[in-house]
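Notes for the structure review
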Amino acid sequence: LFTGTFVILESILLELKHIADSQDMVKRVRGRKGLDLLEKLKKGRRNKVVVLPDSEDFKNKDSALQNKEVDEQLITAARNYKGRIITCDYNLEKKAAISGILPININTLANYLKITAVPGEALHISILHKGKEMTQGVGYLDDGTMLVVENASSDLGKTVDVVVSRVIQTTAGRILFAK
């Protein structure tokens, strides 16, 4: 989805390293995954990754103030280099847009790319396990959406053609039901 030059501020890289070194296991895993993904991005042939040293005005501030202004550092760098900000942070997205910077929200992008199925649509799905009821089989769409198939418990491990009968939106996401 993304090609070109990716610019990462030194302070962001440092923040990611601190997260990867965290005592909190969840933070540590996320930080390491972020570093691994950056390394993979850098090795990719279609992209160039540049680490931009922090500007002097941000280096000279005390670290507590500097951490509060990471968003401002990103916006300033994007403005100076005519770049875009790629983020999952809703507030940073809004602040960047107000500042005249084009933000790209990964969560919004992921929602646009999700498969949308409607009642009556035919799908080809693998039945991976049984559902809550004994006769149900469960499979998943490519985007992770659960598909509960009636009378498919005997089709475990098989790929079957189904027709979506209804879609339910839950707090955890969408669940499709099919026959």
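Residues numbered from 1 in each chain as written. Predicted model: local features only at pLDDT ≥ 70, side-chain atom pairs only at ≥ 80, totals over all residues. Heavy atoms only, no water.

**A short note on the environment of Tyr81**
Quick reminder of the rule: Helix numbers and strand numbers start at the N terminus; a helix is a DSSP run of H or I with at least 4 residues, a strand a run of E with at least 2. Think of it in three bands: with a 1.4 Å probe and only protein chains considered, a residue is buried below 20% of the maximum accessible area for its type, exposed above 50%, and partly exposed in between.
With respect to the helices and strands, the residue Tyr81 is situated in the loop between α5 (70-80) and β3 (85-87). Overall, Tyr81 belongs to the exposed group, its relative accessible area being 55%. Spatially, the C-alpha atom of Tyr81 lies 9.4 Å from that of Val7, the residues being 74 residues apart in sequence.

**Structural notes on the packing of helix α1 (residues 10-20) against helix α2 (residues 25-43)**
Here is the rule: Angular values range over 0 to 180 degrees, each being the angle between N-to-C directions of two axes fitted as lines to C-alpha atoms, with helices fitted over their stretch in contact. Roughly parallel means an angle under 35 degrees; roughly antiparallel means over 145; roughly perpendicular covers 65 to 115; every other angle is labelled oblique. Note: crossing handedness is left-handed where the near helix turns anticlockwise from the far helix by less than a right angle, and right-handed where it turns clockwise. Whether two residues are in contact is decided by their heavy atoms, any of which lying within 4.5 Å being enough. In the scheme used here, Gly and all other residues not listed as nonpolar or charged are polar, with Ala, Val, Leu, Ile, Met, Phe, Trp, Tyr, Cys and Pro taken as nonpolar and Asp, Glu, Lys and Arg as charged.
The interhelical angle for the contact between α1 and α2, taken along N-to-C directions, is 135°, at an axis separation of 6 Å. In terms of their interaxial angle, α1 and α2 are classed as oblique. When the axes of α1 and α2 are compared, the crossing they make is left-handed. Two secondary-structure elements touch here, α1 through Leu13, Leu16, Lys17, Ile19 and Ala20 and α2 through Lys27, Arg28, Gly31, Arg32, Gly34, Leu35 and Leu38. Taken together, the residues of the contact of α1 with α2 sort by class into six nonpolar, two polar and four charged.

**Thoughts on unusual backbone geometry**
Here Lys82, not a glycine, exhibits a phi torsion of approximately 55°, which is positive. Position of Lys82 among the secondary structure elements: in the loop between α5 and β3. Residue classification places Lys82 among the exposed residues on the basis of a relative accessible area of 76%. Look at Asn151: it is not a glycine, yet its phi comes out positive at around 55°. Structurally, the position occupied by Asn151 is in the loop between β8 (146-149) and β9 (159-170). Since its relative accessible area comes to 58%, Asn151 is described here as exposed.

**Concerning the pattern of salt bridges**
Our working definition: Any Lys or Arg side-chain nitrogen found within 4 Å of a carboxyl oxygen on Asp or Glu counts as a salt bridge.
Scanning the entire structure with this criterion turns up three salt bridges. Notably, a salt bridge pairs Asp21 with Lys17, separated by 2.5 Å at the nearest N-O pair. A relative accessible area of 41% means that Lys17 is categorised as partly exposed. The partner of Lys43 in a salt bridge is Glu39, and the shortest N-O contact between them spans 3.7 Å. Of this pair, Lys43 and Glu39 both sit in helix α2, four residues apart, which is roughly one turn of the helix. Taking relative accessible area as the criterion, Lys43 reaches 63% and is therefore assigned exposed.

**Here's the deal with the confidence of the model for the protein chain**
Put simply, the rule reads: Per residue, pLDDT measures the predictor's confidence, with a range of 0 to 100.
Summing up the model confidence of the protein chain, the mean pLDDT is 87 and the portion of residues at 70 or higher is 92%. Counting contacts from residues 61-65, a segment whose pLDDT is below 50, to residues more than four positions away or on other chains yields two contacts.

**Quick look at the environment of Ala110**
Here Ala110 is to be found in helix α7 (residues 106-113). Between the C-alpha atoms of Ala110 and Arg46, which are 64 residues apart in sequence, the distance is 21 Å.

**A few points about the sheet that holds β9**
Note the cut-off: One bridge is not enough; two strands pair if DSSP finds at least two bridges between them.
Pairing within the open sheet is mixed, and its six strands lie in the order β5-β9-β10-β8-β7-β6. Each edge of the open sheet carries a strand with a single partner, namely β5 (122-126) and β6 (129-130). Across five bridges, β5 lies against β9 in antiparallel orientation. Looking at β9, one finds that Ser126 is bridged to Thr159.

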